[in-house]
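Notes for the structure review
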There are 2 protein chains.
Amino acid sequence: MSIIFSKSCEYGLQAALYLARQPKDSPAHLREIATDLNIPYHFLNKVLQTLTRDRIVVSRKGANGGFALARSPKEIRLMDIVRAVDGQSSLDGCVLGFPACGDETPCPVHGQWKSAKGVILDMLEKKTLAELGKGLDGKLEFIAQSMIEAAEK
Amino acid sequence: MSIIFSKSCEYGLQAALYLARQPKDSPAHLREIATDLNIPYHFLNKVLQTLTRDRIVVSRKGANGGFALARSPKEIRLMDIVRAVDGQSSLDGCVLGFPACGDETPCPVHGQWKSAKGVILDMLEKKTLAELGKGLDGKLEFIAQSMIEAAEK
DNA sequence: CCCAATTCAGAGAATTTTGTCTTTGAAAAG
DNA sequence: CTTTTCAAAGACAAAATTCTCTGAATTGGG
Ligand code: SF4
Ligand code: SF4
């Protein structure tokens, strides 16, 4: 389970990463993505519709249709997906959430909280799907591995 | 809204902080806490029952009863409250949540994710209610301020 | 060109989880 | 006893997640 994101968002991130690792010019089918990543088919359908509307992925109907990234993985930040699926507001909150608080009237965890949040936002902001995909090549295939182990359970 | 915790947990943290700032030997009433912090009475009731069962707060019934911390604010970590209310499992998750992953088969954000999570867990682990309460004294009263501004809206 | 098969699009129903409220009971104080 | 206040079960509501079903675009084969 994700600590921070909704399931929609989690699935969106997974699917996008899946697409980033897909060979060029061969769109992936919804059915295939869903079973490989172990995501409910129709829920993923909805999430991908959102990503398509937001021009993060493109879809084609009919035979040899499917889903593919709309632009280079280098140009898609994790943040883009989060914003598309969960909305910006999902990142604005706080751990404690006192009624009125902020930099002017901070509670005593405010400093640590901001730094933790900084690390997370930085990650989402800076990491692209391309970088996500890198670091795997040469080593064992992360997703494939996941699938195998998931199937074993 | 809290990014990480359920509302129960958020309310639990707020209530605990409220109790920490309460003068010694004068338990606070559920009704009072709920209205001051703007938390639904009966929901807070449930949360405080949980904290009581977990011996983080103690309750007394009847006239001049109420709730108070079970031990010194110095000895209650934020983590204790989170675990009591949301359970340990609420802290075990990940942002991406691939089917099979971990330190052995990490995905490429794993490093950054662990560090972000480290900051958060560290905060929950190390900060006590006492430290939370400090940093406020002398300055404007954080909670009071919150209440005033909340009432204005 | 037309048809059948394939695959995404979308509305909306059903389910599950989470958050809130209602009601009754039990303990403590005076 | 009577009042005050917490304890607890469970009804109810709202939100998140999952499923059902119908429609529309595309392709390739007659
Ligand atoms: S002051 Fe900062 S850390 Fe504290 S509740 Fe407000 S936003 Fe959160
Ligand atoms: S490898 Fe680490 S960061 Fe990646 S999905 Fe798994 S737990 Fe999360």
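Going by the structure above, here's the rest.
This text gives an overview of the structure that appears in the document. It should be emphasised that the depicted structure is a prediction, and the values quoted were computed from it without experimental measurement.

Let us look at the state of the cysteines. Under the defined criterion, the tally for this structure stands at zero disulfides over all chains. Not part of a disulfide, C9(A) finds its nearest cysteine sulfur in C94(B), a span of 12 Å. Here C9(A) falls in the buried class, since its relative accessible area comes to 0%.

All names here are of chain A. The geometry of helix α1 (residues 7-20) relative to helix α3 (residues 41-53) is characterised by a closest axis approach of 10 Å and an angle of 75 degrees between their N-to-C directions. On the basis of their axis angle, the class for α1 and α3 is roughly perpendicular. Listed contacts from α3 to K7, S8, Y11, G12 and A15 of α1 are F43, L44, V47, L48 and L51. Class assignment of the residues belonging to the contact of α1 with α3 gives a composition of seven nonpolar, two polar and one charged.

With respect to the element layout, K117(B) can be found in helix α5 (residues 110-126). At 5.4 Å, D92(B) is the nearest oppositely charged side chain to K117(B), a buried residue that forms no salt bridge. Of the polar contacts made by the side chain of K117(B), one reaches the backbone oxygen of L91(B); its length is 3.1 Å. Residues contacting K117(B), with those up to four places away along its chain left out, are I3(A), L91(B), D92(B) and G93(B).

So, on to the protein's contact with DNA strand D. Taken together, 29 residues lie around DNA strand D, and H42(A), F43(A), R60(A), H29(B) and S59(B) are the ones closest in. For DNA strand D, the fraction of protein-proximal atoms (within 4 Å) that sit in sugar or phosphate groups is 69%. In this structure, a phosphate oxygen belonging to DNA strand D sits 3.3 Å away from a side-chain N or O atom of H29(B). Where the surface near DNA strand D is concerned, the elements lending two or more residues are α1 and α3 of chain A together with α2 (30-37), α3 (41-53), β1 (57-60) and β2 (66-69) of chain B. Here the surface near DNA strand D is composed, by residue class, of eight nonpolar, twelve polar and nine charged.

Our focus in this paragraph is the site of ligand 2. The full set of residues close to ligand 2 is C94(B), L96(B), G97(B), F98(B), C101(B), P106(B), C107(B), H110(B) and W113(B). Its residues assigned to classes, the shell around ligand 2 shows seven nonpolar, two polar and no charged.

The next thing to look at is the environment of R71(B). All names here are of chain B. Considering the arrangement of structural elements, one finds R71 in the loop between β2 and α4 (78-86). Since its relative accessible area comes to 31%, R71 is described here as partly exposed. Taking C-alpha positions, R71 is 8.9 Å from V58, a pair spaced 13 residues apart along the chain. If we skip the residues at most four places from it in the chain, R71 touches R55, I56, I76 and D80. Within the structure, the side chain of R71 is placed 3.2 Å from the backbone oxygen of R55, a separation counted as a polar contact. Within the local environment of R71, its side chain forms a polar contact with the backbone oxygen of E75, the two atoms lying 3.2 Å apart.

Criteria and thresholds
- Residues numbered from 1 in each chain as written.
- Chains lettered and ligands numbered in written order.
- Predicted model: local features only at pLDDT ≥ 70, side-chain atom pairs only at ≥ 80, totals over all residues.
- Heavy atoms only, no water.
- Disulfide = S-S within 2.5 Å.
- Buried < 20%, exposed > 50% of the residue type's maximum accessible area, 1.4 Å probe, protein only.
- Axes fitted to C-alpha atoms, helices over the stretch in contact; angles between N-to-C directions.
- Helix = DSSP H or I, 4+ residues; strand = E, 2+ residues; numbered from the N terminus.
- Parallel < 35°, antiparallel > 145°, perpendicular 65-115°, else oblique.
- Contact = heavy atoms within 4.5 Å.
- Nonpolar A, V, L, I, M, F, W, Y, C, P; charged D, E, K, R; others polar.
- Lys, Arg positive; Asp, Glu negative; His and termini not counted.
- Salt bridge = Lys/Arg side-chain N within 4 Å of Asp/Glu carboxyl O.
- Polar contact = N/O pair within 3.5 Å; in protein donor to acceptor, adjacent residues only side chain to side chain.
- Near = heavy atom within 4 Å.

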